[in-house]
Amino acid sequence: MGAPRARHTRPFGSVRQLPSGRWQVRYRDPETGQLRPAEKTYPTKTEAQIALAQIEADITRGQWSDPDAGAVNFAEYAMAWLQDRKLADRTRERSESVMRLHILPTFGAGTIADVTTARVRSWRGKLLGADVGEPTVVKAYQLLRALMNTAVDDELIRRNPCRIKGADRYDVPERPVLTVAEVFAVADSIAPRYRLLVLLAAFTTLRFGELAALRRRDVDLEGMTVSVRRSQAELQDGRLFDKAPKSAAGVRAISFPAELLDDVTRHLEQFAAHGRDGHVFVGPRGGQLRRSNFRDDWIADRKAAGVTSELHFHDLRHTGNTLASTAGASTRELMTRMGHSSSRAALIYQHMTSDRDRAIADRLGAMIRQGGREEDPD
């Protein structure tokens, strides 16, 4: 028998020198079997051969991706991606605004493949340098990262270019906390129809939107509770609508102190809309309470009360959570009052104040004395 015939296989690829003097890599597309040029050329033959070997290794390991897959217009892909996402109306409006104002001006005219880590870093730096608020920049980065994650899933790119450490969060500055006396000073200074709004924000820790959505049937005078079943939201065009809480934990009944019962009763008699479904809080003309209309009253009366000019209405919720923690509320109890399904936010309010720490030390001292460990007179 003669020698076995050699098996001939097509070469994987080749390198060749171009008229410009640079070297081009050509390799077989694993899907079509046709030779195709690599994305870039190289100054030396050795570098071209190394690149060819790397491409072959990627294809063998199943890590190769078609360089042309990312040649999809960014703006078209981004808007289709937003359209397909299941979002609440207000969230969709905010996301579309961030996309239009802060992402598309930089990346919209290019392709998905054009978005590199270096460009993302430069884009983020320019937003911060242009005095765009840090929370907005974080939101824009999170939105871009989520979009590019989908592009990875769609095999348009190999990996997400949004890999800047810490860019997806920001440190929230410590918010002011009022004393009980300061809460009542603000309540005494504000228009009578808003007095209860301030008191409930501080002592039930409801959000503005939850307070604005309260109806008469949500207030139980006998049980001294308010029930949260919905929250008011406002679109950019001024439309108001009620939405369900973000999670099941947001639907809750919160007890208010008995010391507020007279204020609650008086408010329902004088200021709330009529009927069981009437809003508890309404504007001077009987319309729904709007955050934008309330803001002017809040700023003026906050100043009249002599409290810090940095106080936002939402800080009353922060104050209430801190007071509840100081009063001995457990993490689970704080979670219930706040309407959170996660303990992360509740734990923020479990830090000890100096007064609580002193009280704990005093109680420990009493235990020592009761245990007969008083100091030996010798």
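Structure first, text after, so check above.
Thresholds, definitions, all that
- Residues numbered from 1 in each chain as written.
- Predicted model: local features only at pLDDT ≥ 70, side-chain atom pairs only at ≥ 80, totals over all residues.
- Heavy atoms only, no water.
- Pairing = 2+ DSSP bridges.
- Helix = DSSP H or I, 4+ residues; strand = E, 2+ residues; numbered from the N terminus.
- Axes fitted to C-alpha atoms, helices over the stretch in contact; angles between N-to-C directions.
- Patch = residues over 30% accessible without salt bridge, like charges linked within 9 Å, V, L, I, M, F, W, Y side chains within 5 Å.
- Areas by Shrake-Rupley, 256 points an atom, 1.4 Å probe, with all protein chains shown as cover.
- Salt bridge = Lys/Arg side-chain N within 4 Å of Asp/Glu carboxyl O.
- Lys, Arg positive; Asp, Glu negative; His and termini not counted.
- Charge placed at Lys NZ, Arg CZ, Asp CG, Glu CD.
- Contact = heavy atoms within 4.5 Å.
- Expected span 1.5 Å × (residues − 1).
- Buried < 20%, exposed > 50% of the residue type's maximum accessible area, 1.4 Å probe, protein only.

Draft legend 1. Quick look at the sheet that holds strand β2 (residues 23-28). Within the open sheet, the three strands sit side by side as β1-β2-β3. Their pairing is antiparallel. One side of each edge strand has no neighbouring strand; the edge strands of this open sheet are β1 (13-17) and β3 (35-37). Pairs of neighbouring strands in the sheet enclose a mean axial angle of 25 degrees, with direction left out of account. Bridge analysis of β2 against β3 gives three bridges, and the strand direction is antiparallel. The residue bridging Tyr 27 from the neighbouring strand is Arg 36, located in β3.

Draft legend 2. Structural context of a negative patch on the surface. Residues Glu 31, Asp 153, Asp 154 and Glu 155 make up a contiguous surface patch of negative charge. Along the chain, the position of Glu 155 falls in the loop between α5 (134-153) and α6 (180-189).

Draft legend 3. Local environment of the environment of Gly 110. In this fold, Gly 110 is placed in the loop between α3 (89-107) and α4 (117-129). Along the primary structure Gly 110 and Val 72 are separated by 38 residues, whereas in three dimensions their C-alpha atoms are 8.2 Å apart. Apart from the residues lying within four places of it in its own chain, the contact partners of Gly 110 are Val 72, Asn 73 and Phe 74.

Draft legend 4. Spatial organisation of α5. Counted at 1.5 Å a residue, the expected span for α5 with its 20 residues is 28 Å, and the 29 Å between its end C-alpha atoms agrees. Every buried residue of α5 is accounted for by Val 137, Val 138, Ala 140, Tyr 141, Leu 143, Leu 144, Leu 147, Met 148 and Ala 151. Count one or two residues on from α5 and you reach Glu 155, which has phi positive near 60 degrees.

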